[in-house]
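Commentary on secondary and tertiary structure
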Number of protein chains: 2
Amino acid sequence: MHNSLVQDRADLSRRKPSSLRPGVTLADVARAAGVDQSTVSRVLRNDHGARTTEATRSRIHDEASRLGYVANAAARSLAMRRTSTLGILIPSSLNLVIVDVIRGAQDAARELGYVLMVADASELGRASDAVRSLVLEGRVDGLLIASGTITDEVTDDLLDGFGNCVILNRRIGGRAPSVIEDDDLGMFIATRELIEHGHETIACLAGPIDIDTSRRRVAGYRRAMKAAGLKVGKGSVVHRPFDEAGGFSGTTELLSGPNRPSAIASASLAAAIGGLAAARGMNVGVPDELSFTAFHDAPIANYLSPPLTTVAMPLGQLGRQAVLMLHRRLTGVSGPTHVTVQDPAPRLIRRESVARLAKPRLGEPKSAAVLGHPKLLRPTTPEATPAI
Amino acid sequence: MHNSLVQDRADLSRRKPSSLRPGVTLADVARAAGVDQSTVSRVLRNDHGARTTEATRSRIHDEASRLGYVANAAARSLAMRRTSTLGILIPSSLNLVIVDVIRGAQDAARELGYVLMVADASELGRASDAVRSLVLEGRVDGLLIASGTITDEVTDDLLDGFGNCVILNRRIGGRAPSVIEDDDLGMFIATRELIEHGHETIACLAGPIDIDTSRRRVAGYRRAMKAAGLKVGKGSVVHRPFDEAGGFSGTTELLSGPNRPSAIASASLAAAIGGLAAARGMNVGVPDELSFTAFHDAPIANYLSPPLTTVAMPLGQLGRQAVLMLHRRLTGVSGPTHVTVQDPAPRLIRRESVARLAKPRLGEPKSAAVLGHPKLLRPTTPEATPAI
DNA sequence: CTGTTAGCGCTTTCAA
DNA sequence: TTGAAAGCGCTAACAG
């Protein structure tokens, strides 16, 4: 009596122009199966103490699938006080490599039963607005921050009001949990490759000076130089944004300076692309007159002129580990709050942008006097990639 | 006894140390302001009939901001039966240009009061899973589909159960609302540029043959050829995936074929990058021996060798219009269900990959004698782009 | 093993 | 102008 009345009213008022969901609810299934909705809830969710008759159990499942029941996320979130959703804030200028991070994070999130919601860091103009709409409005249980644009200020806000976030590839005053790649090692490997090809005057095309990620990469470069007993000349490290234009500008400066390097280790892929263009513009042949390495790998590296030698970092693991850490925090499991992804080690991918230094410095001939032997590495097999 | 055991177990597993939201609710504000929560709700939302005393009004605002109140999205969604969230499905292999679409969509969404949730089309393995978690679970009010990976099958499912979606840059059997760019015009413009430089044997590096986007681009190419009275030779249109590898392979085929083109109009940017590499690999100089144009523009085009002449499409508007259309549908406002973005017209960006045909074709091999006149266009000024 | 009963935090009639 | 009350669809004690 009362019930049917309420029911009708609900149906009436629900007649919005276009209904969003199929609209079949737990109650519908319950009615159809002749049980209470709490029973349906238990069964459909495999509730722990779910000792249910096989009969009702299957009846419920049948009805549910017959009606096409899907639980409503908002209702569930409200009742459970958790959304099972994780957010990831990415730089507004989507760079070449972030997609690997996202993919890794997404896979891990799915495995743990979360939905990953990616948000452009410029989504609401400023990052703090994004934080507001995601975190404060309770759209996500936790947040991955993979954007260098987020200022320390915003991050502080975040950390104060909301502990459930982890920073990717950036360390901020040790306060926020973070997972980083081994930037130092990666850059070390790239630089070493250059050194092993006989280069001694090696410059570093670094990122913005105020980002610790950038500093770690420079550190790896310096470490390699030191290990080889090489000096880092004055002005051999230039700081520029991690993009093509930055690389162009930085490389131009390096090549115009007093002691021109015979090799450049770039701290990013995009900058290396710009650097290649700059060298070309100054008629400096790569790799004959200038060797070049890039940090991070992407398919495009294969198709540049020349194909770029890069060091591929375990970006997918970065995303995955970040999700795992976040999950631990959300579930109260203890664990490290700062991890450096080591597992798939940085991998040097030799292509054609590094050559042996043409003439040895100071009559110190390198034993393997083979000149640059650009292996004619064929680009990889085409794989399907759809249009937008 | 038994019960408390279960209880304990539950509590244990539920031990979520860190609460997700500040947790201040409408009731808290109401209590603090000494009014009912319904009043707070009205005031804070500027309810239309909100005839409220200025006194209570400001008191409520004060308390709300003092307490740092932010409405909970789940509760609101549940009560209002809408999430004010829009989803956008993007290709798992994030291409160079999708970011502009996302940005346009995001801006429009924000203006209309939506949050845009971007989801990798491979989020849950298959697109239909993504649809499930977004649409069926009611996480979004509507969905933009900007992914060619989504098969027509999945799309059909979508359309059946859920009308509130619009397809970007793809038309599917006329059933789903869609907004597309003027692919035909864009390709026409690129091809015409080639024609105006004296080329007659012009090939088209097209996308997958079964995607209508791709067909429209080819149509533009053909239209330009026809308008100039030029013939499209047999095998002058090759279909490949819209990526570097596809472009590499397609270009290789074109350059190896019987009647080698003096110019290639690529139907995507990524493919053009691969094409440039292929030409290089075959020692075919661009633009001296081969002119090249690409469809869509991105900063990287400036830094290739040679810098690519492209046609920039109004991708931001594409995203924006799609959101507007979706919003119309959600609010029951009528309007066109198929729009072609015309407003910022496709724009040809001349760089250095197109040269005047060295000498009139006699169907003879071209000597590398006369060259074009590559303008030494400097790459654009560096702009800040942060690291991941 | 299943049903009853309270909410989760918010919106929204309907009264006052 | 404001308050009371009834849900939105779901989960989670608790009782039977």
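Right above here is the structure, for reference.
Residues numbered from 1 in each chain as written. Chains lettered and ligands numbered in written order. Predicted model: local features only at pLDDT ≥ 70, side-chain atom pairs only at ≥ 80, totals over all residues. Heavy atoms only, no water.

**Considering the overall build of chain A**
Definition in use: Labels follow the DSSP assignment, with helices taken as runs of H or I lasting at least four residues and strands as runs of E lasting at least two, numbered in each case from the N terminus. Type-normalised accessible area, obtained with a 1.4 Å probe on protein chains alone, sets the label of each residue: buried when under 20%, exposed when over 50%, and partly exposed for intermediate values. Two residues form a contact once any of their heavy atoms are found within 4.5 Å. Where accessible areas are quoted, they stem from the Shrake-Rupley method and a 1.4 Å probe; at the residue level, only the protein chains shown are allowed to cover.
Secondary structure assignment for chain A yields 13 helices and 12 strands. The buried share of chain A, reckoned over its 388 residues, is 54%. When contacts within chain A are restricted to residue pairs at least 6 apart in sequence, long-range pairs at least 24 apart make up 70% of them. Counting every atom, chain A has about 16,700 Å² of accessible surface; 51% of that belongs to carbon and sulfur.

**A word on empty space enclosed by the protein**
Here is the rule: Space inside and on the surface of the protein is sampled on a 1 Å grid over the protein atoms alone, with a cavity defined as a set of points where a 1.4 Å probe fits but cannot get out and a pocket as an open set with protein on both sides within 12 Å along at least 5 of 7 lines; lining residues have an atom within 4 Å of a point. Grid points are joined across faces, edges and corners, and a volume is the space filled by probe spheres set on the points. By the convention adopted, Pro, Cys, Tyr, Trp, Phe, Met, Ile, Leu, Val and Ala count as nonpolar, Lys, Arg, Asp and Glu as charged, and the other residues, Gly among them, as polar.
In the structure shown here, the tally under the stated rule is 8 cavities of 30 Å³ or more. Estimates place the volume of the largest cavity at around 240 Å³. As for the largest cavity, its lining consists of 16 residues, and the residues nearest its centre are Arg 139 of chain A together with Ala 73, Ser 77, Thr 85 and Arg 139 of chain B. For the lining of the largest cavity, the secondary structure elements donating two or more residues are α5 (73–80) of chain A together with α5 (73–80) of chain B. Split by residue class, the lining of the largest cavity holds 6 nonpolar, 8 polar and 2 charged.

**A short note on the protein's contact with DNA strand C**
Spelled out, the test is: If a single non-hydrogen atom of a residue is within 4 Å of a molecule or strand, that residue counts as near it. Each polar contact in these results corresponds to two N or O atoms within 3.5 Å; when the atoms are within protein, one needs to be able to donate a hydrogen and the other to accept it, and residues that are neighboring in sequence are counted only if both atoms are side-chain atoms.
Not every one of the 26 residues close to DNA strand C is listed here, only the nearest: Asp 36, Arg 42, Arg 51 and Thr 52 of chain A together with Leu 26 of chain B. Atoms of DNA strand C within 4 Å of the protein: sugar and phosphate make up 61%, bases the balance. Thr 39 of chain A places a polar side-chain atom, nitrogen or oxygen, 2.9 Å from a phosphate oxygen of DNA strand C. Residue Ala 75 of chain B places a main-chain N or O atom 3.3 Å away from a base nitrogen belonging to DNA strand C. Only α3 (37–45) and α5 of chain A together with α3 (37–45) and α5 of chain B provide two or more residues apiece to the surface near DNA strand C. At 5 residues, α3 of chain B tops the list of elements feeding residues into the surface near DNA strand C. Split into classes, the residues belonging to the surface near DNA strand C amount to 9 nonpolar, 10 polar and 7 charged.

**Describing helix α4 (residues 54–67) of chain B**
Residues and elements named next belong to chain B. How we decide: Expected span, for any helix, means 1.5 Å times one less than how many residues it has. Along the arc lie the directions from the helix axis toward the C-beta atoms.
Between its terminal C-alpha atoms α4 stretches 20 Å, which fits the 20 Å expected from 14 residues at 1.5 Å a residue. Those residues of α4 that sit buried are Thr 56, Arg 57, Ile 60, Glu 63 and Ala 64. One side of α4 holds all its buried residues, which, seen down the axis, span an arc of 140 degrees. α4 presents Glu 54, Asp 62, Ser 65 and Arg 66 as exposed residues on the side facing more than 90 degrees away from its buried surface. On its buried side, α4 packs onto α2 (26–33) and α3. Positive phi appears at Gly 68, one or two residues downstream of α4, with a value of about 70 degrees.

**So, the pairing of strand β9 (residues 291–295) of chain B**
Residue and element names in this part refer to chain B. Filter applied, for reference: Strand pairing is assigned whenever DSSP detects at least two bridges linking the two strands. By definition, the crossover connecting two strands over a helix is right-handed if that path, from the first strand to the second, turns clockwise as seen with the strands pointing away from the viewer.
For β9, the buried fraction is high: 5 of the 5 residues fall into the buried class. Burial of the side chains of β9 extends over both faces: Ser 291, Thr 293 and Phe 295 are buried on one face and Phe 292 and Ala 294 on the other. Alignment of strand β8 (residues 263–266) against β9, held across 3 bridges, turns out to be parallel. Note that in β9 the partner of Ala 265 across the bridge is Thr 293. Traced from β8 through helix α12 (residues 269–281) to β9, the parallel crossover comes out right-handed. Across 3 bridges, the pairing between β9 and strand β10 (residues 309–312) is parallel. From the neighbouring strand, Thr 293 faces β10, where its bridge partner is Thr 309.

**As for the pattern of salt bridges**
Residue and element names in this part refer to chain A. What counts, and what does not: Between Lys or Arg on one side and Asp or Glu on the other, a salt bridge is scored when a side-chain nitrogen of the former is within 4 Å of a carboxyl oxygen of the latter.
Tallied over the full model, the rule gives 28 salt bridges over all chains. Ionic pairing is found between Glu 253 and Arg 240, a salt bridge with its closest N-O pair at 2.6 Å. With Glu 253 in helix α11 (residues 244–256) and Arg 240 in the loop between β7 (237–239) and α11, this residue pair connects regions lying 13 residues apart in the sequence. By relative accessible area, Arg 240 is classed as buried at 18%.

**Some remarks on the pairing of strand β1 (residues 85–90) of chain B**
Residues and elements named next belong to chain B. Within β1, 6 of the 6 residues are buried, leaving the element largely enclosed by the surrounding structure. Residues Thr 85, Gly 87 and Leu 89 line one face of β1 and the alternating positions Leu 86, Ile 88 and Ile 90 line the opposite face, and both faces are buried. With 6 bridges connecting them, β1 and strand β2 (residues 115–120) associate as parallel partners. What sits directly across from Ile 88, in β2, is Val 118. Looking at chain direction, β1 and strand β3 (residues 142–145) are connected through 4 bridges and run parallel. Its bridge partner lying in β3, Ile 88 is registered against Leu 144.

**Side note on the sheet that holds β9 of chain B**
Residue and element names in this part refer to chain B. Under the convention used in this document: Note on definitions: angles span 0 to 180 degrees between N-to-C directions of axes, and those axes are lines fitted to C-alpha atoms, for helices only across the stretch in contact.
Sheet architecture is open: 6 strands sit in the order β7-β6-β8-β9-β10-β12, paired in mixed fashion. Sheet topology places β7 (237–239) and β12 (347–349) at the edges, where each strand pairs with a single neighbour. Averaged over all pairs of adjacent strands, the angle between their axes in this sheet comes to 20 degrees, without regard to strand direction. With 3 bridges connecting them, β10 and β12 associate as antiparallel partners. From the neighbouring strand, Thr 310 faces β12, where its bridge partner is Ile 349.

**A word on helix α6 (residues 98–111) of chain A**
Residue pairs spaced three or four apart in an α-helix point in one direction, given the helix's 3.6 residues per turn. Compared with an ideal rise of 1.5 Å per residue, which puts 14 residues at 20 Å, α6 of chain A spans 20 Å between its outermost C-alpha atoms and is within 8% of the ideal. Along α6 of chain A, the positions that sit buried rather than exposed are Ile 98, Val 99, Val 101, Ile 102, Gly 104, Ala 105, Gln 106, Ala 108 and Ala 109 of chain A. The inward-facing, buried residues of α6 of chain A abut β1 (85–90), β2 (115–120), β3 (142–145), β4 (165–168) and α13 (315–331) of chain A together with β2 of chain B. Once α6 of chain A ends, the next one or two residues include Gly 113 of chain A, with phi positive near 85 degrees.

**Observations regarding unusual backbone geometry**
Residue Val 286 of chain A is joined to Pro 287 of chain A through a cis peptide bond whose omega torsion reads 10 degrees. As for its position among the elements, Pro 287 of chain A is in the loop between α12 (269–281) and β9 (291–295). Backbone torsion omega between Ser 305 of chain B and Pro 306 of chain B reads -5 degrees, so that peptide bond is classified as cis. The residue Pro 306 of chain B is located in the loop between β9 and β10 in this model. For Arg 81 of chain A, which is not a glycine, the phi torsion comes out positive at approximately 55 degrees. Here Arg 81 of chain A is to be found in the loop between α5 and β1.

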